[in-house]
Amino acid sequence: MCIFCKIINKEIPASIIYEDEDVCAILDVAQVTEGHTLVMPKDHFESILDCPPVLLSKIISVTQMLSKDIVSKLNAKGVNVLTNAKEAAGQSVMHFHIHIIPRYTEDDGLILKFRGNPTPDVAKIEKILKK
Ligand code: DGP
C-alpha cells in the first residue's frame, strides 16, 4: 500500500485539514511555504493522467475551496496550484495529488521558472499544432 493510502486509512499520522467521502487534504511534510497542502483522491490513482474526470472535477473544486481558505487564513499574497505526473515531471509519491503552495514573496521557498524561447519559433509551433 502506498504512503498516501496509509495516511488516508489512518494507518500513519498526518495533518489532515479536509476530508469527505472521496477527497482528502493534508499538510505537506516538507512545507515548501507555510500552508503547503496536498489534495488527493481517497482511491488510489497514480497521477492526474489516470484519475476519472468526474472525480478530478471534485478534486479541483475542493482545491479551489481550500486555496481560497488557506490564502485568506494565512494571509498569503497568492498561490501556486500544481501537480506532477510521473518521475520525469518530478512526481515522487505515485498517488495522484495536487499541491497548493501559498505564496508570500518571490523568495519564499518555491522557485518556478519557465525557460521558454524569448523569440517565438513559428514553424516549430505550427509543427506541434499539427501533431
Ligand atoms: P511530488 O514530488 O509531487 O510527488 O510530491 C510529494 C510530496 O509529498 C512532497 O512534497 C513531500 C510529501 N510527502 C511525502 N511523504 C509524506 C508523508 O508521509 N506525509 C506528508 N504529509 N507529506 C509527505
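Residues numbered from 1 in each chain as written. Predicted model: local features only at pLDDT ≥ 70, side-chain atom pairs only at ≥ 80, totals over all residues. Heavy atoms only, no water.

**As for the overall build of the chain**
Here comes step 1: Helix and strand counts for the chain come out as 3 helices and 5 strands.
Here comes step 2: Put simply, the chain runs from its N terminus to its C terminus through helices and strands in the order α-β-β-β-α-β-β-α.
Here comes step 3: Expressed along its principal axes, the backbone C-alpha trace of the chain runs to roughly 55 × 35 × 25 Å.
Here comes step 4: Looking at the 131 residues of the chain, the share that counts as buried comes to 33%.
Here comes step 5: Long-range contacts, defined here as pairs at least 24 residues apart, represent 55% of the contacts in the chain between residues at least 6 apart.
Here comes step 6: Here the chain has roughly 8,700 Å² of accessible surface; of this, 57% comes from carbon and sulfur atoms. (Helix = DSSP H or I, 4+ residues; strand = E, 2+ residues; numbered from the N terminus. Buried < 20%, exposed > 50% of the residue type's maximum accessible area, 1.4 Å probe, protein only. Contact = heavy atoms within 4.5 Å. Areas by Shrake-Rupley, 256 points an atom, 1.4 Å probe, with all protein chains shown as cover.)

**Things to note about the sheet that holds strand β4 (residues 78-82)**
Here comes step 1: Taken together, the 5 strands give an open sheet; going across it, the order is β1-β2-β3-β5-β4, and neighbouring strands pair in antiparallel fashion. A strand with exactly one partner marks an edge of an open sheet, and here the two such strands are β1 (16-19) and β4. Within the sheet, the average angular offset between the axes of one strand and its neighbour, ignoring direction, is 20°.
Here comes step 2: Judged from the 3 bridges that link them, β1 and strand β2 (residues 23-27) form a sheet pairing that is antiparallel. When the sheet's bridge partners are listed, Ile16 is paired in β2 with Ile26.
Here comes step 3: Packed onto the sheet, helix α2 (residues 53-73) meets β1, β2, β3 (37-41), β4 and β5 (98-103) and runs at close to 20° relative to β5. (Pairing = 2+ DSSP bridges. Axes fitted to C-alpha atoms, helices over the stretch in contact; angles between N-to-C directions.)

**Some remarks on the side chain of Asp108**
Here comes step 1: Within the secondary structure, Asp108 sits in the loop between β5 and α3 (122-130).
Here comes step 2: At 3.0 Å, the side chain of Asp108 forms a polar contact with the side chain of Arg103.
Here comes step 3: There is a polar contact of 2.8 Å between the side chain of Asp108 and the backbone nitrogen of Tyr104.
Here comes step 4: Contacts of Asp108, omitting those with residues within four sequence positions, involve Val32, Thr33, Pro102 and Arg103. (Polar contact = N/O pair within 3.5 Å; in protein donor to acceptor, adjacent residues only side chain to side chain.)

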